[in-house]
Amino acid sequence: PPFVSPPPRREDGETLAQLTAAGADHVLVDRGSIKRAVREQFPGGVDCAIECVGTATLVDTLQCIRPKGTLCQTGMLGVSTAPLFHSILGQVPSTVKVTCYESDGMSAHTLEPLIHELAALLRAGRLPLSIDESEFALDQVVEAMARMKSKDRRGKIVVTVPPQPSAGAGGDGE
C-alpha cells in the first residue's frame with residue numbers, strides 16, 4: 001500500500017521534496033479539510049490513518065477512512081480528552097475501527113533499545129531529521145511555541161535546558 005505523508009504546513013517544493021525523499025508516495029496538503037485532500041487522491045478512502053493532533057482534527061481524519069479501515073489515535077496536543085472524546089464517539093462510522101496508542105506502558109527497559117536503534121539510523125543517515133535553524137533557551141519557551149506554530153519553521157524546534165548543578169557542587173543537595 002502507498003505511504004501518504006502527514007500534511008505539511010507548507011506547500012513549497014523543498015518541503016514536498018523532503019517528504020518524498022523520506023519515503024512518501026503521496027504528499028497531501030491540508031487546506032482546511034484533510035478529508036477533501038485525501039478523497040481527491042483516494043476516492044474510496046484510505047486503509048488506515050494515524051491521528052497525532054487530537055480531538056480538533058479527529059472527525060476530519062475519521063472521514064478519510066474507508067469502510068473496514070482503522071484510525072489510530074496517538075496524540076492529544078493540549079486538549080482535555082474527556083468531554084470532547086465522548087461527543088466524537090457518535091461520529092465514528094460503524095464500519096471504521098478506532099484504536100488508541102498510549103505510551104504509559106513504555107519503560108526505560110523497553111525504550112532503551114529503540115532509542116539506540118534510532119540513534120544508529122540517524123548516525124548512518126538513514127533516518128531524515130529536519131531541525132529548524134532557530135534554538136531557544138528554556139526561558140524562551142513562549143517564543144519557541146510561536147515559532148513552532150509559524151509557517152516559516154523548517155523542522156523540529158530545539159529548546160535547550162541548562163545543566164542542573166550537581167549535589168556536591170554547593171547546590172541544594174548539601
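Q: Hey, could you run me through the overall build of the chain in this one?
A: Along the chain, the regular secondary structure elements total six helices and seven strands. Its helices and strands in sequence order give the chain the pattern β-α-β-α-β-α-β-α-β-α-β-α-β, from N to C terminus. By residue count, 23% of the 174 residues in the chain fall in the buried class. In the chain, of all internal contacts separated by at least 6 residues, the share reaching a separation of at least 24 is 42%. Of the accessible surface of the chain, which amounts to about 12,100 Å², a share of 58% is contributed by carbon and sulfur atoms.

Q: How should the pairing of strand E3 (residues 46–51) be read in this particular structure?
A: Regular strands place side chains that alternate from one sheet face to the opposite one. Here E3 runs beside strand E4 (residues 65–73); their pairing, made up of five bridges, is parallel. The residue of E4 that forms the bridge with Ile50 is Cys72. Between E3 and its parallel partner E4, the chain crosses via helix H3 (residues 55–62), and the hand of that crossover is right-handed.

Q: Even after reading the chapter, I still don't get a nonpolar patch on the surface, so can you show me in this structure?
A: On the surface, Leu138, Val141, Val142, Met145, Met148, Val159 and Val161 cluster together into a nonpolar patch covering about 570 Å² of accessible area. Considering every element that reaches the nonpolar patch, the biggest residue donor is helix H6 (residues 141–149), with four residues.

Q: How should I be thinking about the nonpolar core in this particular structure?
A: Considering soluble globular proteins, one finds that nonpolar side chains tend to be buried as a cluster. Ranked by size, the top nonpolar core spans 13 residues in total, and within it Ile34, Val38, Val46 and Ile65 carry the most contacts. Those elements that place two or more of their residues in this core are helix H2 (34–41), E3, H3 and E4. Here the element with the most residues in this core is H2; it accounts for three residues. Beyond its immediate chain neighbours, meaning those up to four positions away, Val38 contacts Leu28, Val46 and Cys64.

Q: Would you take a moment to explain the pattern of salt bridges for this structure?
A: Note on pairing: side chains with opposite charge can pair once their charged atoms come close. Within the structure shown, the criterion is met by three salt bridges. Between Arg147 and Asp132 there is a salt bridge, and its shortest N-O distance comes to 2.9 Å. In this pair, Arg147 sits in helix H6 while Asp132 sits in strand E6 (residues 131–137), placing the two residues 15 residues apart along the sequence. Each member of the pair, Arg147 together with Asp132, is buried. We note a salt bridge from Arg147 to Glu133, for which the minimum N-O separation is 3.0 Å. Residue Arg147 is located in helix H6, and its partner Glu133 is located in strand E6; the two are separated by 14 residues in the primary sequence. According to the relative accessible area criterion, Arg147 is buried, its value standing at 18%. Relative accessible area serves as the criterion here: at 62%, Glu133 is assigned to the exposed category.

Q: Help me out: how do you make sense of the confidence of the model for the chain in this one?
A: Caution applies to low-pLDDT parts of the model: their predicted coordinates are not meant to be read in detail. In this model, the chain carries a mean pLDDT of 78, and residues with pLDDT of at least 70 account for 78%. Least confident of the elements in the chain is helix H4 (residues 82–89), whose mean pLDDT is 60; most confident is E4, at 90.

Q: I keep staring at the sheet that holds E4 and nothing clicks. Help me out?
A: Think of a sheet as strands paired side by side through backbone hydrogen bonds, with each pair either parallel or antiparallel. The strand order across the open sheet formed by three strands is E3-E4-E5, and the pairing between neighbours is parallel. Two strands in the sheet have a free side with no partner beyond their single neighbour: E3 and strand E5 (97–100). In this sheet, adjacent strand axes meet at a mean angle of 15° when their direction is disregarded. Along the sheet, H3 contacts E3, E4 and E5; its crossing angle with E4, the most-contacted strand, is approximately 160°.

What counts as what
- Residues numbered from 1 in each chain as written.
- Predicted model: local features only at pLDDT ≥ 70, side-chain atom pairs only at ≥ 80, totals over all residues.
- Heavy atoms only, no water.
- Helix = DSSP H or I, 4+ residues; strand = E, 2+ residues; numbered from the N terminus.
- Buried < 20%, exposed > 50% of the residue type's maximum accessible area, 1.4 Å probe, protein only.
- Contact = heavy atoms within 4.5 Å.
- Areas by Shrake-Rupley, 256 points an atom, 1.4 Å probe, with all protein chains shown as cover.
- Pairing = 2+ DSSP bridges.
- Right-handed = clockwise from strand over helix to strand, strands pointing away.
- Patch = residues over 30% accessible without salt bridge, like charges linked within 9 Å, V, L, I, M, F, W, Y side chains within 5 Å.
- Salt bridge = Lys/Arg side-chain N within 4 Å of Asp/Glu carboxyl O.
- Core = buried A, V, L, I, M, F, W, Y, C linked by side-chain atoms within 4.5 Å.
- pLDDT = per-residue confidence, 0-100.
- Axes fitted to C-alpha atoms, helices over the stretch in contact; angles between N-to-C directions.

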